[in-house]
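# Geometric and topological summary
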Amino acid sequence: MAGIGFALRKLARRDDLLGILQGYAHSAFITSGPWMFTILALAAINLIGGDLVGAEELRRFRVVIIYNFCFSAVLTGPLVMVATRYLADAIYARQVDVAPGMLLATLGLSYGASMLTAGPFYLLFSGLPVAMMAGGLVNFLLVGGIWVVSIFLSALKDYVAVTVAFAAGMAIGLVAAAVLGAWTGPAGMVFGFSLGLAVIQFGLIARVFAEYPYRVSRLFAFLDYFRRYWDLALIGLTANLAVWSDKWIMWFCPEREVVSGAMVIYSAYDSAMFVAYLTILPALTLFTVNIETRFFERYQAFYRDIQSHATYDQIARNHRDIVAALMESARNLIILQGAVSAVSIFLAPGIVGALGLQYQQIGMFRFGALGAFFQVLFLFCTVILAYFDLRRRNLAVQVLYLFLNAGFTLAFSDLGFAWYGYGYFLASLIAFAVAYLMVADAVRRLPYFAFVANNPSVR
């Protein structure tokens, strides 16, 4: 995350209120911009869509967008993780001339994989009208492309351009969906929303080429990283499967809605969980600022001094500084997210009512807010494992979270409506506890991992 880290540290060093506010705003857009703008745009389309098309057609539009976002995230997850590592290494080695070629290659692979998977699904199993089918496939390609271009978001130093691209794209998508929806129905809404996604994707691509103005070369050089970092690819796959596994299982509960062909959904569960996810936005913002400023500086000092043959006392001092930075970040994160979750759970009836949801979703929302609380702490742990390059541990906790989330959700879905969401909460809690133990052990033995376990020369 070289670009965002550079920008955040620059803003933090200004030591004034405006710099701090800009830093947090930038962090919010980078960490949560894609899904935040998407959720807000979808919420707005839902509000106005009922007057443009019928309720059944609006639901058809909604399910196409949800399917595209979740399945494209899973499909591109391995590619995104491996390509991110390749780009990070290239930036560290000051060989960023590979960036334009890698961008084009990853986009091409994303489009190709999307055509081979989403294409047959929409054609053979969706049961949608032809126009809607075509709109859904175009939308899938664009969403997958945005996941891929997002690799570069944290590397771009021009955070204003990134923010403007997302804001403008979703505003255009909202207006276009309303205009085309009123004119041609749900297919027009999908194409209109896709227009906004296209603005985002191609705006970011243009920004990447402006940031890295090099000749396109070595397009597929990064593919060698799949052999070296196969565990990263699996992390990308399992992490996305884990996040969506409870929703997919709930799509087959007795209250599910068959929208079209093989496309089923359970709107009550999905909407309650999506709103619950919004509660972690402040924590994600705070987490990114803390990690990319205070923690990163100490992390960098630890490894830089080792490379400079520092004394044992200096290394031990740096180790203590890392532990202190992590403890402070974790404390701030728990206090902030704990407060937000507690308020959300307490005010759940009001929040659900204000958003136009059904009151029977209050229980799901409360379990969702609790689950999101532990999920963001789980995310904190996995990012720390990634910083210390402990990929096997990271993969182990991601696989554990996947099986827990799927297993508990399946088990509690048989107990009836009152237990919906409890599986996600319990899975997040246990996965966080295991991940925390792994991180605590790794941080405690950090010098051992630096000198022995992660040292290629002693293997």
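The preceding data block contains the structure.
All figures in this text were calculated on a predicted structure; none of them were measured in a lab.

### Digging into the packing of helix α9 (residues 230-250) against helix α15 (residues 391-413)
It is the contact of α9 with α15, at a shortest axis distance of 9 Å, that shows an interaxial angle of 15°. The angle between the axes of α9 and α15 places the two elements in the roughly parallel class. Crossing hand, α9 versus α15: left-handed. Considering only residue class, the contact of α9 with α15 consists of 16 nonpolar, 7 polar and 4 charged.

### Structural notes on a nonpolar patch on the surface
On the surface, Leu104, Leu109, Val216, Leu219, Phe220 and Leu223 cluster together to form a nonpolar patch covering roughly 440 Å² of accessible area. Summarising the element assignment, Leu109 is placed in helix α4 (residues 99-125). Leu109 sits in the partly exposed class, given a relative accessible area of 34%.

### Concerning the pairing of strand β1 (residues 257-260)
Here β1 runs beside strand β2 (residues 263-265); their pairing, made up of 3 bridges, is antiparallel. Bridged to Ser260 within β2 is Met263. The loop that links β1 with its antiparallel partner β2 comprises 2 residues; one of these, Gly261, has a positive phi angle of about 55°.

### Some details on the side chain of Asn139
Inspection of the secondary structure assignment puts Asn139 in helix α5 (residues 130-149). Judged by its relative accessible area of 0%, Asn139 is buried. A polar contact of 2.9 Å, which involves the side chain of Asn139, links it to the side chain of Asn68. Apart from the residues lying within four places of it in its own chain, the contact partners of Asn139 are Ile65, Asn68, Val190, Phe193, Ser194 and Leu197.

### Observations concerning unusual backbone geometry
Backbone geometry at His309 places phi at a positive 60°, although glycine is not the residue there. One can find His309 in the loop between α11 (281-307) and α12 (312-346). Judged by relative accessible area, which is 73%, His309 ranks as exposed.

### Considering the packing of aromatic side chains
As enumerated under the stated definition, the model contains 37 aromatic pairs in all. Ring plane angle 20° and centroid distance 6.4 Å describe the contact between Phe367 and Phe425, whose orientation is recorded as stacked. On the criterion of sequence distance, the pair formed by Phe367 in helix α14 (residues 362-387) and Phe425 in helix α16 (residues 422-444) is long-range, its members being 58 residues apart. Look at Phe425 and you get buried, because its relative accessible area is 13%. These aromatic residues form a ring-pair network of at least three members: Phe367, Phe373, Phe374, Phe408, Phe412, Trp419, Tyr422, Phe425, Phe432 and Tyr436. Arg228 extends its terminal NZ or CZ atom over the ring of Tyr225, reaching a point 4.8 Å from the ring centre. Here the guanidinium or amino end of Lys247 rests over the ring plane of Tyr424, the centre of that ring lying 5.3 Å away.

### Structural notes on the side chain of Asn318
Mapped onto the elements, Asn318 comes out in helix α12. Filtering out sequence-adjacent residues up to four positions away, Asn318 remains in contact with Ala301, Phe302 and Asp305.

### Details of the nonpolar core
Counting residues in each nonpolar core, the largest one holds 135 residues, and the members touching the most others are Phe61, Phe152, Trp251, Tyr266, Phe295 and Phe388. Ranked by residues supplied to this core, first place goes to helix α3 (residues 55-92) with 17 residues.

### Examining the pattern of salt bridges
Scanning the entire structure with this criterion turns up 15 salt bridges. A salt bridge links Glu297 to Arg298; its shortest N-O distance comes to 3.9 Å. A salt bridge links Arg444 to Asp441; its shortest N-O distance comes to 3.1 Å. Highlighted residues: Arg444 and Asp441, both in helix α16, separated by 3 residues, approximately one helical turn. Residue classification places Arg444 among the exposed positions, given a relative accessible area of 58%. Here the salt bridges do not stand alone but share partners, grouping Arg85, Asp89, Asp231, Asp389, Arg391 and Arg392 into one network.

### Quick look at the environment of Met115
Within the secondary structure layout, Met115 lies in helix α4. Separated by 25 residues in the primary sequence, Met115 and Phe140 have C-alpha atoms spaced 8.9 Å apart. Once residues lying within four places of it in the same chain are set aside, the contact partners of Met115 are Pro120, Leu137 and Leu141.

### Topic: the environment of Trp147
Inspection of the secondary structure puts Trp147 in helix α5. Judged by its relative accessible area of 22%, Trp147 falls in the partly exposed class. In this structure the C-alpha to C-alpha distance between Trp147 and Val80, which are 67 residues apart in sequence, comes to 7.3 Å. Apart from residues no more than four positions distant in its own chain, Trp147 is found in contact with Phe69, Ser72, Ala73, Thr76 and Val80.

Reading the values: the criteria
- Residues numbered from 1 in each chain as written.
- Predicted model: local features only at pLDDT ≥ 70, side-chain atom pairs only at ≥ 80, totals over all residues.
- Heavy atoms only, no water.
- Axes fitted to C-alpha atoms, helices over the stretch in contact; angles between N-to-C directions.
- Helix = DSSP H or I, 4+ residues; strand = E, 2+ residues; numbered from the N terminus.
- Parallel < 35°, antiparallel > 145°, perpendicular 65-115°, else oblique.
- Left-handed = near helix turned anticlockwise from the far one by under 90°.
- Nonpolar A, V, L, I, M, F, W, Y, C, P; charged D, E, K, R; others polar.
- Patch = residues over 30% accessible without salt bridge, like charges linked within 9 Å, V, L, I, M, F, W, Y side chains within 5 Å.
- Areas by Shrake-Rupley, 256 points an atom, 1.4 Å probe, with all protein chains shown as cover.
- Salt bridge = Lys/Arg side-chain N within 4 Å of Asp/Glu carboxyl O.
- Buried < 20%, exposed > 50% of the residue type's maximum accessible area, 1.4 Å probe, protein only.
- Pairing = 2+ DSSP bridges.
- Polar contact = N/O pair within 3.5 Å; in protein donor to acceptor, adjacent residues only side chain to side chain.
- Contact = heavy atoms within 4.5 Å.
- Phe/Tyr/Trp six-rings, centres within 6.5 Å; stacked < 30°, edge-to-face > 60°.
- Lys NZ or Arg CZ within 6 Å of the ring centre and 35° of its normal.
- Core = buried A, V, L, I, M, F, W, Y, C linked by side-chain atoms within 4.5 Å.

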